[in-house]
2 protein chains.
Amino acid sequence: MKDIEYVKPEEIEKRSFEIITKELSEKGIVLPKDRELIIKRAIHTSADFDYAKTLTFSENAVDVALELIKNGADIVTDTNMGLSGVNKKVLAAFGGEAHCFMADEDVTREAKERGVTRATVSMERALSIDKPVIFAIGNAPTALISLYDSVKKGGRKPDFVIGVPVGFVNVEAAKELFIDTDIPYIINRGRKGGSNIAAAICNALLYMARDGKSTI
Amino acid sequence: MKDIEYVKPEEIEKRSFEIITKELSEKGIVLPKDRELIIKRAIHTSADFDYAKTLTFSENAVDVALELIKNGADIVTDTNMGLSGVNKKVLAAFGGEAHCFMADEDVTREAKERGVTRATVSMERALSIDKPVIFAIGNAPTALISLYDSVKKGGRKPDFVIGVPVGFVNVEAAKELFIDTDIPYIINRGRKGGSNIAAAICNALLYMARDGKSTI
């Protein structure tokens with residue numbers, strides 16, 4: 001059994017990232033500089049090094065996301081857990097707001113009437129927001145599918161998609177849909193992901209926008 | 001690339017659990033009946049089958065937790081993400097309330113003054129709740145260490161500990177502390193866990209209490 005090591009509260013996160021950095025290096029994994037903080041935050045929130053291999057970025061994804069944040073883009077999540085994990089203070093400092101429409105009563109009612117998921121209706125609401133929006137999808141593959149369908153039908157394109165739903169039904173396929181589009185994305189290929197991963201990626205981007213650096 | 005399969009919204013969860021059940025069986029893993037729903041919900045929320053091996057239960061843990069819930073126990077989490085993931089409607093139907101003290105301003109102030117983590121102060125608040133409390137710790141190993149220290153000093157024992165913090169500093173050691181105590185627990189050994197896992201375990205227990213069955 002490992003012993004408890006005394007680490008000052010303010011040092012815990014720093015020490016965690018040192019361990020992640022060391023173990024990535026032991027595994028021979030070199031992260032691109034601009035993606036480093038994002039990938040390390042995903043590992044930090046899950047203790048799962050798979051994210052170093054499966055997180056996939058469209059060309060210049062990080063620059064595009066940072067530009068959106070700095071220009072006051074909103075963030076829409078597909079769970080209240082994701083919403084509660086996003087650092088709304090930092091987002092607000094740039095003029096952005098975070099939303100989740102999933103638990104709204106009229107969303108539930110409309111989804112039932114139309115026989116679609118609440119995620120589909122939530123995404124429609126999000127696409128009608130009158131400013132740039134970053135979609136942070138950590139749970140519902142149907143949210144990703146709805147966004148994709150909406151674009152195919154000539155609807156508004158999402159400004160940025162963080163596509164990290166977790167699960168077993170249509171999750172992998174829904175993520176792959178986005179890989180060949182021209183919509184900027186950070187996608188986690190495979191089954192893994194989650195609201196915690198979606199929030200961690202949002203926060204990594206927010207801290208990069210605030211601090212002007214992508215390393216830790 | 002896998003194709004998108006049309007699954008009715010209300011069937012998605014059922015189909016997910018069928019896939020989990022099939023793959024567990026292919027891996028030769030047989031889950032104890034009383035723990036089945038808990039372990040499957042942890043896998044469902046993470047797409048990580050490691051939880052079938054690492055989730056560890058004290059003797060009669062499930063019975064103890066269900067009894068607590070049915071008698072109106074509260075749940076205290078160590079993150080607002082965990083709090084937002086717990087099904088508070090089902091909990092309220094049994095007379096329980098969910099709390100998280102981590103973001104309270106006076107908790108932050110007191111932690112700073114004393115040079116301890118906010119988790120430590122939050123746990124002290126939780127231990128002063130005048131009814132049975134289930135501790136659902138998905139983030140801060142210092143929350144577990146504080147609870148342990150408080151018991152060692154003769155303080156109130158937590159009624160139940162869901163100990164699934166995630167991370168790299170003291171996380172494994174903090175979980176191991178509880179294995180040899182007589183405090184009832186569900187612990188995830190190793191580094192993995194998270195607020196999503198803590199909420200998934202709470203919800204599995206709540207649904208078992210409501211539905212009277214542990215299978216899916």
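Nothing here was measured: the structure is a model prediction, and the numbers come from that model.

**With respect to the pairing of strand E2 (residues 74-77) of chain B**
Residue and element names in this part refer to chain B.
Inference 1: Neither face of E2 is left uncovered, since the one carrying Asp74 and Val76 and the one carrying Ile75 and Thr77 both have all their residues buried.
Inference 2: Pairing of E2 with strand E4 (residues 133-137), which is carried by four bridges, proceeds in the parallel orientation. Each residue of the ladder has a partner; that of Val76, found in E4, is Phe135.
Inference 3: In terms of strand pairing, E2 meets strand E3 (residues 98-100) through three bridges, oriented parallel. Directly across from Thr77, in E3, lies its bridge partner Cys100.

**Some details on the packing of aromatic side chains**
The way to describe two aromatic rings as a pair is by their centre distance and the angle between their planes.
Inference 1: Under the counting rule described, the total for this entry stands at four aromatic pairs over all chains.
Inference 2: For the ring pair A:Phe49 and B:Phe168, a centre distance of 6.0 Å and an interplane angle of 85 degrees mean the geometry is edge-to-face. Taken together, the residues span two chains, with A:Phe49 in the loop between helix H2 (36-46) and helix H3 (51-54) and B:Phe168 in the loop between strand E5 (160-163) and helix H10 (171-179). B:Phe168 carries the same exposure label as A:Phe49, and that label is buried.
Inference 3: Plain terms: the ring middles of A:Tyr148 and A:Phe178 are 6.1 Å apart, the flat faces sit at 65 degrees to each other, and that makes the pair edge-to-face.

**Thoughts on the state of the cysteines**
Residue and element names in this part refer to chain A.
Inference 1: Overall, the coordinates contain zero disulfides over all chains when judged by the stated rule.
Inference 2: The cysteine Cys202 is free of any disulfide, with Cys100 supplying the nearest cysteine sulfur at 12 Å.
Inference 3: Accessibility expressed as a relative area gives 2% for Cys202, which makes it buried.

**Observations regarding the interface of chain A and chain B**
Inference 1: Of the residues lining the interface, 44 residues belong to chain A; the matching set on chain B comes to 44 residues.
Inference 2: Summing both partners gives a buried area of about 3400 Å² for chain A against chain B, and 69% of it is carried by carbon and sulfur.
Inference 3: Per-residue buried area on chain A facing chain B is highest for A:Met81, A:Phe168 and A:Val169; these three make up 21% of the total on that side.
Inference 4: Residue B:Arg191 pairs with A:Glu23 through a salt bridge whose shortest N-O separation is 2.5 Å.
Inference 5: Linking chain A with chain B are six residue pairs in polar contact (both at pLDDT 80 or more).
Inference 6: Broken down by secondary-structure element, the contributors of at least two residues to the side of chain A that touches chain B are helix H1 (12-26), H2, helix H5 (80-85), helix H9 (141-152), helix H10 (171-179) and helix H11 (195-211) of chain A.
Inference 7: Of all the elements, H1(A) adds the most residues to the side of chain A that touches chain B, at six residues.
Inference 8: Residue classes in the side of chain A that touches chain B are distributed as 20 nonpolar, 14 polar and ten charged.

**Concerning the pairing of strand E6 (residues 185-188) of chain A**
All names here are of chain A.
Inference 1: Here E6 shows no split at all, with Tyr185 and Ile187 on one side and Ile186 and Asn188 on the other all buried.
Inference 2: Sheet analysis places strand E1 (residues 55-57) next to E6, joined by three bridges and oriented antiparallel. Within the sheet, the bridge partner assigned to Phe57 lies in E6 and is Ile186.
Inference 3: Summarising the sheet, strand E5 (residues 160-163) and E6 pair through three bridges and their orientation is parallel. By the bridge assignment, Gly163 is partnered in E6 with Ile187.
Inference 4: Taking the sense of rotation as the criterion, the β-α-β connection linking E5, H10 and E6 turns out right-handed.

**Remarks on the sheet that holds strand E1 (residues 55-57) of chain B**
The strands making up a sheet associate through hydrogen bonds between their backbones, and the pairing can be parallel or antiparallel.
All names here are of chain B.
Inference 1: With mixed pairing, the six strands of this open sheet are ordered in space as E1-E6-E5-E4-E2-E3. Edge strands, defined here as strands with exactly one partner in the open sheet, are E1 and E3. Between one strand and the next, the sheet's axes are offset by a mean angle of 20 degrees, whatever the strand orientation.

**Details of the relation of the copies chain A and chain B**
Put simply, the two copies of the chain differ by a rotation about an axis and a shift along that axis.
Inference 1: Rotating chain A by 180 degrees and translating it 0.0 Å along the rotation axis places it on chain B, where the RMSD comes to 0.0 Å. Classification of the inter-copy transformation places it as that of a two-fold axis. Within chain A, the C-alpha atom positioned nearest to the axis of rotation is that of A:Met81, 2.5 Å from it.
Inference 2: With an isologous cut-off of 70% or more, the 100% of interface residues of chain A that recur at the interface of chain B puts this contact in the isologous class.

**Brief notes about the pattern of salt bridges**
Residue and element names in this part refer to chain A.
Inference 1: Scanning the model with the defined rule gives 42 salt bridges over all chains in all.
Inference 2: Linking Arg114 and Glu110 is a salt bridge whose minimum nitrogen-to-oxygen distance equals 2.7 Å. Residue Arg114 and its partner Glu110 are both found in helix H7 (residues 105-114); the two are separated by four residues, about one turn of the helix.
Inference 3: Classification of Arg114 by relative accessible area gives partly exposed; the value is 40%.
Inference 4: Its salt-bridge partner being Asp182, residue Lys157 comes within 3.1 Å of it at the nearest N-O pair. Here Lys157, found in the loop between H9 and E5, pairs with Asp182, found in the loop between H10 and E6; they are 25 residues apart in sequence, far enough to count as distant.
Inference 5: Relative accessible area serves as the criterion here: at 59%, Asp182 is assigned to the exposed category.

Conventions we followed
Residues numbered from 1 in each chain as written. Chains lettered and ligands numbered in written order. Predicted model: local features only at pLDDT ≥ 70, side-chain atom pairs only at ≥ 80, totals over all residues. Heavy atoms only, no water. Buried < 20%, exposed > 50% of the residue type's maximum accessible area, 1.4 Å probe, protein only. Helix = DSSP H or I, 4+ residues; strand = E, 2+ residues; numbered from the N terminus. Pairing = 2+ DSSP bridges. Phe/Tyr/Trp six-rings, centres within 6.5 Å; stacked < 30°, edge-to-face > 60°. Disulfide = S-S within 2.5 Å. Contact = heavy atoms within 4.5 Å. Buried area = accessible area lost by both parts, 1.4 Å probe. Salt bridge = Lys/Arg side-chain N within 4 Å of Asp/Glu carboxyl O. Polar contact = N/O pair within 3.5 Å; in protein donor to acceptor, adjacent residues only side chain to side chain. Nonpolar A, V, L, I, M, F, W, Y, C, P; charged D, E, K, R; others polar. Right-handed = clockwise from strand over helix to strand, strands pointing away. Axes fitted to C-alpha atoms, helices over the stretch in contact; angles between N-to-C directions. Least-squares fit on C-alpha atoms with pLDDT ≥ 70 in both.

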